Amino acid sequence: MRPEEIPGWISRALPVPDRTVVWLLDVDDTLTDTQSMHHDAAESVASELSGSMTTSLAASVARRFREVFDELLVLHQQVSTADRAALNSVKELESRVRGHQVEIQEKWGITRLFSREILLRIAVEDCGASLPPKELNRCVDRYWDHMREHPFVFPDAARFSRRLASHSMPVYLMTSSDARYRECDDGQFAYDPRASRKDKRKRMVNLRNHGISYASSFIGDPIDKPSREFYEFVFSGISRDLDAPLQSLSIVVAGDSYRSDIQTPLEICDSTIGVLCRREQSAVRVEADRVLSVGDFDMLTRMLDVIEGEDRG
Ligand SMILES: [Mg+2]
């Protein structure tokens, strides 16, 4: 796609009489500032940890817990870095995260980067602290309570949600598992997909109180992004919910990770188009054949305004 083709692309994201446009939105770091939510919730973990260790050690563990997440997010969002030492350190971190979920990988065939139970265990190890599994699970429960009760919805995402609602465009959320693992006494982690999904569902439902309107949410427990199976499940769920064949729908997927949120849905369905949300980007860019990248949702809203104004004029 060439830059001059962007307006035509945007017009495909608007409904016309014989075509329903469906928006399929990622949540974490797309609609919500999950990184900042994590920083905030990590503070609440410090006070929980101080029941099991000195206040200063608890503060160090909480700080490391924040950092581990931030380092892995770079990997998830495929941010390119020329700093080889930093890259090697993140790769080593990823390998430690994998090492903590060998049994889950064997049983479910998945490895997840962001299980906070595992990230907190790594932070505890890195700070030379000691925390029994029962206490670790309790601290992470408080962390997730905080994450659910205090979502930071990006203001532009809430404005965009209102815009889609005012056009009665169907909106669905597609979100990865929060990987609510439990640490067992032998140091291994266990995974109950139903419990993990139930907790994430509560977090999604609360977004409706913070400006995000949607019909339903698809949660990656146990089948997760970016697998084909997950997106086939999502597409068939949308088709069933709207009582319309998939071929009659135009689906726009939006997310902060090309690999997790955009690549597979575009492979499955030729009419699907993608929006990559890169929060530091200052202008709309052509990312790939059927993908635009934007710095925020206001950029998209403004372009929709222009196209609609032209259509009316
Ligand atoms: Mg995301």
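Keep in mind it's a predicted model, so treat the numbers as computed, not measured.

A. The arrangement of the domain arrangement of the chain in detail. Taken domain by domain, the chain consists of domain 1 (3–32 + 152–312) and domain 2 (35–149). Spacing between the C-alpha centres of domain 1 and domain 2 amounts to 26 Å. Elements with a minimum of two residues in the side of domain 1 that touches domain 2: strand S3 (181–183), strand S4 (189–191), helix H9 (193–207) and helix H11 (258–268). Within the side of domain 1 that touches domain 2, the residues separate by chemical class into 8 nonpolar, 5 polar and 10 charged.

B. Region of interest: the packing of helix H3 (residues 55–76) against helix H6 (residues 116–126). At their nearest, the axes of H3 and H6 sit 8 Å apart, and the two run at 125 degrees to each other. The angle between H3 and H6 places the two elements in the oblique class. At the point where H3 passes H6, the crossing takes the right-handed sense. Contact residues: Val61, Arg64, Phe65, Val68 and Phe69 in H3; Leu119, Leu120, Ile122, Ala123, Val124 and Asp126 in H6. When the residues that make up the contact of H3 with H6 are grouped by side-chain class, the tally is 9 nonpolar, no polar and 2 charged.

C. Seen up close, the environment of Ser271. The residue Ser271 is located in the loop between H11 and strand S7 (273–277) in this model. Exposure remark for Ser271: the 14 C-beta atoms within 10 Å place this residue in the partly exposed category. With 244 residues separating them along the chain, Ser271 and Val27 place their C-alpha atoms 22 Å apart.

D. Layout of the sheet that holds strand S9 (residues 291–294). With respect to topology, 7 strands assemble into an open sheet ordered S5-S2-S1-S6-S7-S9-S8, the strand pairing being mixed. In this open sheet, the two edge strands, each paired with only one partner strand, are strand S5 (216–220) and strand S8 (285–288). This sheet shows a mean twist of 25 degrees between the axes of neighbouring strands, independent of strand direction. The sheet contact formed by strand S2 (residues 171–176) and S5 spans 5 bridges and is parallel. From the neighbouring strand, Met174 faces S5, where its bridge partner is Phe218. Contacting S2 and S5, H9 crosses the sheet at an angle of about 145 degrees to S5.

E. Molecular detail of the pairing of S7. When you tally the buried positions in S7, you get 5 out of 5 residues, the bulk of the element. Burial along S7 is two-sided: the face carrying Ile273, Val275 and Cys277 and the face carrying Gly274 and Leu276 are both buried. Pairing of strand S6 (residues 249–255) with S7, which is carried by 4 bridges, proceeds in the parallel orientation. In the sheet register, Ala254 faces S7, and the bridge partner there is Val275. At this point the chain moves from S6, through H11, to the parallel S7, and the crossover so formed is right-handed.

F. Layout of the nonpolar core. If you look at the biggest cluster of nonpolar residues, it comprises 40 residues, and the most contacted ones within it are Leu24, Val252 and Val275. When residues in this core are grouped by element, the largest group, 5 residues, is from helix H10 (residues 228–242). Apart from the residues lying within four places of it in its own chain, the contact partners of Leu24 are Tyr172, Met174, Val234, Ile251, Val252 and Val253. Cys127, Leu131, Leu136 and Tyr191 belong to the second largest nonpolar core, which has 28 residues in total.

G. Just the environment of Asp224, in detail. Checked against the element boundaries, Asp224 lands in the loop between S5 and H10. Residues Asp224 and Ser260 lie 36 residues apart in sequence; the distance between their C-alpha atoms is 9.3 Å. Filtering out sequence-adjacent residues up to four positions away, Asp224 remains in contact with Ile110, Ser176, Ser177 and Phe230.

H. Expanded view of the pairing of strand S1 (residues 20–25). Where S1 meets S6, 6 bridges bridge the pair, whose relative direction is parallel. The residue of S6 that forms the bridge with Leu25 is Ala254. Bridge analysis of S1 against S2 gives 3 bridges, and the strand direction is parallel. Directly across from Leu25, in S2, lies its bridge partner Leu173.

Analysis parameters
- Residues numbered from 1 in each chain as written.
- Predicted model: local features only at pLDDT ≥ 70, side-chain atom pairs only at ≥ 80, totals over all residues.
- Domains from an automatic or database assignment.
- Helix = DSSP H or I, 4+ residues; strand = E, 2+ residues; numbered from the N terminus.
- Nonpolar A, V, L, I, M, F, W, Y, C, P; charged D, E, K, R; others polar.
- Axes fitted to C-alpha atoms, helices over the stretch in contact; angles between N-to-C directions.
- Parallel < 35°, antiparallel > 145°, perpendicular 65-115°, else oblique.
- Left-handed = near helix turned anticlockwise from the far one by under 90°.
- Contact = placed C-beta atoms within 7 Å.
- Buried ≥ 20, exposed ≤ 12 C-beta atoms within 10 Å, placed from the backbone.
- Pairing = 2+ DSSP bridges.
- Right-handed = clockwise from strand over helix to strand, strands pointing away.
- Core = buried A, V, L, I, M, F, W, Y, C linked by C-beta atoms within 7 Å.

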